[in-house]
Amino acid sequence: KIEEIIKGTAEIRQTIPIPKVGTVAGVMVMEGSIARAHQVRLLREGVILWTGKLASLRRFKDNVREVEKGYECGMNLDGFNDIKVGDVLETFVEEETKVI
């Protein structure tokens with residue numbers, strides 16, 4: 001059985017269009033942590049619009065592996081640019097559990 005474990009949530013506070021890259025989301029991590037290795041889903045008004053991976057995760061101008069609760073960062077979603085201020089990003093991992 002495959003189980004999803006929520007690792008963190010972040011709220012989009014700003015969108016930044018960048019030529020040749022797409023739209024970058026300026027976010028505040030609200031709960032848990034956001035890591036580049038996690039899968040991400042975009043929620044708008046409680047509806048899942050997109051699920052995929054992060055193309056990049058940055059703090060200031062540095063690429064980072066993980067951002068903790070209470071910090072701001074920039075994210076680029078891999079192949080998805082329809083983001084708006086107020087959208088919520090949820091990160092998760094899928095773990096396989098044995099059913100007894």
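Placed above this text is the structure.
Every value quoted in this text rests on a predicted model; they were computed, and no experiment measured them.

1. Points about the environment of glycine 52
Checked against the element boundaries, glycine 52 lands in strand S4 (residues 47-59). Assessed through its relative accessible area of 17%, glycine 52 is described here as buried. Taking the C-alpha atoms as reference points, glycine 52 and isoleucine 34, separated by 18 residues in sequence, lie 14 Å from one another. If we skip the residues at most four places from it in the chain, glycine 52 touches Gln39 and Val40.

2. A short note on a nonpolar patch on the surface
A cluster of nonpolar residues, Ile16, Ile18 and Val21, forms a patch on the protein surface that exposes about 210 Å² of accessible area. Along the chain, valine 21 turns up in the loop between strand S1 (2-18) and strand S2 (22-35).

3. Describing the pairing of S4
Pairing geometry for strand S3 (residues 39-44) and S4, over six bridges, is antiparallel. By the bridge assignment, leucine 43 is partnered in S4 with isoleucine 48. The turn linking S3 back onto S4 is made up of two residues, and glutamate 45 within it adopts a positive phi angle of 55°. The sheet contact formed by S4 and strand S7 (residues 72-77) spans four bridges and is antiparallel.

4. Topic: the environment of arginine 65
By secondary structure assignment, the location of arginine 65 is in the loop between strand S5 (62-63) and strand S6 (66-68). Counting along the chain gives 28 residues from arginine 65 to alanine 37, while the straight-line C-alpha distance between them is 7.7 Å. Beyond its immediate chain neighbours, meaning those up to four positions away, arginine 65 contacts Ile34, Ala35, Arg36 and Leu57.

5. So, the packing of aromatic side chains
Applying the stated criterion to the full structure yields one aromatic pair. Its end group placed over the ring of phenylalanine 92, arginine 41 keeps NZ or CZ at 4.1 Å from the ring centre.

6. Description of the environment of glutamate 94
Within the secondary structure layout, glutamate 94 lies in strand S8 (residues 88-96). As a C-alpha pair, glutamate 94 and glutamate 3 span 91 residues in sequence and 5.5 Å in three-dimensional space. Ignoring any residue separated from it by four or fewer positions in sequence, one finds glutamate 94 in contact with Ile2, Glu3, Glu4 and Gln39.

Calculation criteria
- Residues numbered from 1 in each chain as written.
- Predicted model: local features only at pLDDT ≥ 70, side-chain atom pairs only at ≥ 80, totals over all residues.
- Heavy atoms only, no water.
- Helix = DSSP H or I, 4+ residues; strand = E, 2+ residues; numbered from the N terminus.
- Buried < 20%, exposed > 50% of the residue type's maximum accessible area, 1.4 Å probe, protein only.
- Contact = heavy atoms within 4.5 Å.
- Patch = residues over 30% accessible without salt bridge, like charges linked within 9 Å, V, L, I, M, F, W, Y side chains within 5 Å.
- Areas by Shrake-Rupley, 256 points an atom, 1.4 Å probe, with all protein chains shown as cover.
- Salt bridge = Lys/Arg side-chain N within 4 Å of Asp/Glu carboxyl O.
- Pairing = 2+ DSSP bridges.
- Phe/Tyr/Trp six-rings, centres within 6.5 Å; stacked < 30°, edge-to-face > 60°.
- Lys NZ or Arg CZ within 6 Å of the ring centre and 35° of its normal.

Read these as layout, nothing more, since geometry by itself doesn't imply function.
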